[in-house]
Amino acid sequence: MATMFDGVDRLAADQATAAARLVAPVRTDFPDLTVTEHVVRAVSVSEVLVAATAGADVIVIGSRRRSHSIGSPLGHVTHAVLHHAHCPVVLVPHP
């Protein structure tokens, strides 16, 4: 884990590589589909995702159901995107 000042560039590069690796199978399976990934540093993940939906045709979000029954079964980021997105949201449950 990097401190706030040490290794930030390396951490960002690692995250960009991980994002590219994650979407590689989608690009292979659907070569006519335009897939873009952006790695950003932000205070609010949900704020960045909602802002990104303004120019998107669709946003796909993976989600895990919480195991306890208290509160919302979805996380706060998923909940915020579902309620504030400017485009359709596809919610894919994590097995």
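Described below are features of the structure shown in this document. The residue count restarts for each chain, going from 1 along the sequence in the order it is written. Only residues with pLDDT of 70 or above have their local features reported here, since the model is predicted, and side-chain atom pairs are shown and tallied only from 80 upward, although totals for entire chains, interfaces and linings are computed over all residues. Water and hydrogen atoms were dropped before computing side-chain values, which therefore reflect all heavy atoms in the structure.

### Some remarks on the overall build of the protein chain
- Each helix is a run of DSSP H or I of at least 4 residues and each strand a run of E of at least 2, with the numbering of both proceeding from the N terminus. Across its full length, the protein chain carries three helices and two strands.
- When the elements of the protein chain are put in sequence order from the N terminus, they spell out α-α-β-α-β.
- Every one of the 95 residues in the protein chain was classed for burial, and the buried ones make up 15%.
- Within the protein chain, residue pairs in contact and separated by at least 24 positions form 51% of the contacts whose partners lie at least 6 positions apart.
- Note that accessible areas follow from Shrake-Rupley with a 1.4 Å probe, and for residues the cover is restricted to the protein chains shown. When the accessible surface of the protein chain is totalled, it reaches about 7,800 Å², and 60% of it is carbon and sulfur. For every residue, the accessible area obtained with a 1.4 Å probe (protein chains only) is divided by the maximum for its type, and the residue is called buried under 20%, exposed over 50%, and partly exposed between those limits. Residues count as neighbours in contact if any of their non-hydrogen atoms are within 4.5 Å of one another.

### Describing the nonpolar core
- We call a set of buried residues a nonpolar core when its members are Ala, Val, Leu, Ile, Met, Phe, Trp, Tyr or Cys and they connect through side-chain atoms within 4.5 Å of each other. Within the largest apolar cluster, five residues are counted, these being V50, I59, I61, V81 and C87.
- Each residue touching V50, except ones within four places of it in the same chain, is listed here: A80, V81, H84 and H86.

### Some words on the environment of A24
- Note on placement: A24 falls in helix α1 (residues 8–29).
- For the pair formed by A24 and V35, sequence separation is 11 residues and the distance between their alpha carbons is 9.2 Å.

### Let's talk about the side chain of S46
- Counting through the fold element by element, S46 comes out in helix α2 (residues 45–52).
- Polar contact is defined as a pair of N or O atoms within 3.5 Å, subject to the rule that within protein one atom must be able to donate a hydrogen and the other to accept it, and that residues adjacent in sequence are counted only when both atoms are side-chain atoms. Reaching out from S46, the side chain makes a polar contact with the side chain of S44 at a distance of 3.3 Å.

### Some thoughts on the pattern of salt bridges
- What makes a salt bridge here is a side-chain nitrogen of Lys or Arg within 4 Å of a carboxyl oxygen of Asp or Glu, nothing more. Evaluated as defined, the whole model comprises one salt bridge.
- Between R27 and E37 there is a salt bridge, with the nearest N and O atoms lying 2.8 Å from each other. Of this pair, R27 sits in helix α1 while E37 sits in the loop between α1 and α2, and the two are 10 residues apart along the sequence.

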